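What the coordinates show
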Amino acid sequence: MTRVGLIDDDSLVRAGLAMILGADPGIEVVAQGSDGAEAVTLVQKHRPDVLLMDVRMPKLDGIAATEAVSALSNPPKIVMLTTFDMDEYVFQALEAGASGFLLKDTPPHDLARAVHVVARGEAMLSPTITRRMLSHFSEAKPGSRQDRHPGLDQLTERETEVLGAVGAGLSNAQIGMRLFMSEATVKAHVSKIFAKLDCTNRVQIAIIAHEAGLTDLDADQV
């Protein structure tokens, strides 16, 4: 059972999300909050596995709340909720530790699937959106490819290949198909990459892969 928390200042949105997710037998909505200021307390009290959080809220926005929650011990996976898939604030939230983002008009089935995907430790970003996001960082940080993350030197050759595939926006299953490994083996490699690069989610390591020149944004997907 995946435990989910909801943070959104719109009560109708929260009610709709709770109803949709509650209909999935593998999901339990354990807590709801109306502002980012409630996020830390909500997480500490209810320990959700996944936290869905609005980006724009009146008192404390989703970016600041994501930073605060991500700093906790064993934080939940955080998914930002937004109206615009290129919202600049979403990029900041992903850097702060969010595992991805969803549009508020995401179909019910896809919403529940997204929660399960994130709970498994994968980023909720399609390859197309990942490419757009990485392009955004590339334009915002010209020349950053020259600044290698110190943890890259600790990666094995195979881990470096997996890192590049994550940077291309591939899921564990797709990486396994591309590199001829089982999904379990891919997951083990990704866990080691997290530790060596001191990252908490796939979005962060995808950014590192792109900045190091380890992935091709125009590569064909599996």
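Residues numbered from 1 in each chain as written. Predicted model: local features only at pLDDT ≥ 70, side-chain atom pairs only at ≥ 80, totals over all residues. Heavy atoms only, no water.

Focus on the packing of helix α2 (residues 39-46) against helix α3 (residues 62-70)
Closest axis-to-axis distance for the α2/α3 pair is 9 Å, and the angle between their directions is 35 degrees. Note on packing geometry: the crossing formed by α2 with α3 is right-handed. Residues A39, V40 and V43 of α2 touch α3, and the partners they reach there are A65, A68 and V69. Broken down by class, the residue content of the contact of α2 with α3 amounts to six nonpolar, no polar and no charged. (Axes fitted to C-alpha atoms, helices over the stretch in contact; angles between N-to-C directions. Helix = DSSP H or I, 4+ residues; strand = E, 2+ residues; numbered from the N terminus. Left-handed = near helix turned anticlockwise from the far one by under 90°. Contact = heavy atoms within 4.5 Å. Nonpolar A, V, L, I, M, F, W, Y, C, P; charged D, E, K, R; others polar.)

Things to note about the side chain of T2
Residue placement: T2 occurs in strand β1 (residues 2-7). T2 gets classed as buried once you look at its relative accessible area, which sits at 11%. Ignoring anything within four residues of it in the chain, the contact list for T2 reads G26, I27, E28, D49, V50, V115, H116 and A119. (Buried < 20%, exposed > 50% of the residue type's maximum accessible area, 1.4 Å probe, protein only.)

Here we look at helix α8 (residues 172-179)
Of the positions making up α8, those classed as buried are N172, I175, G176 and L179. Down the axis of α8, the smallest arc covering the buried residues is 100 degrees, so these residues share one side. Where α8 is buried, its residues touch α7 (157-167), α9 (183-197) and α10 (202-211). Just beyond α8, the residue with positive phi is F180, at close to 60 degrees. (Arc of directions from axis to C-beta.)

What to know about α9
Its 15 residues place the ends of α9 21 Å apart at the C-alpha level, agreeing with the 21 Å of an ideal helix rising 1.5 Å per residue. Three or more residues of α9 are buried, namely V186, H189, V190, I193, F194 and L197. Projection of α9 onto a plane perpendicular to its axis shows the buried side chains occupying an angular sector of 145 degrees, all on one side. What points out from α9, more than 90 degrees from its buried face, is the exposed set A184 and A195. Its buried side turned inward, α9 meets α7, α8 and α10. (Expected span 1.5 Å × (residues − 1).)

Considering the sheet that holds strand β4 (residues 77-82)
Backbone hydrogen bonds are what pair the strands of a sheet, in a parallel or an antiparallel way. If you walk across this open sheet you meet the five strands as β2-β1-β3-β4-β5, and the pairing is parallel. Single-partner strands in this sheet number two, and they are β2 (27-33) and β5 (100-103). Put simply, the sheet's adjacent strands are angled 25 degrees from each other on average, direction ignored. Sheet topology places β1 next to β2; six bridges connect them, and they run parallel. If you follow T2 over to β2, its bridge partner there is I27. Strands in contact with helix α1 (residues 11-22) are β1, β2, β3 (50-54) and β4; relative to β2, the strand with the most contacts, it is inclined by about 165 degrees. (Pairing = 2+ DSSP bridges.)

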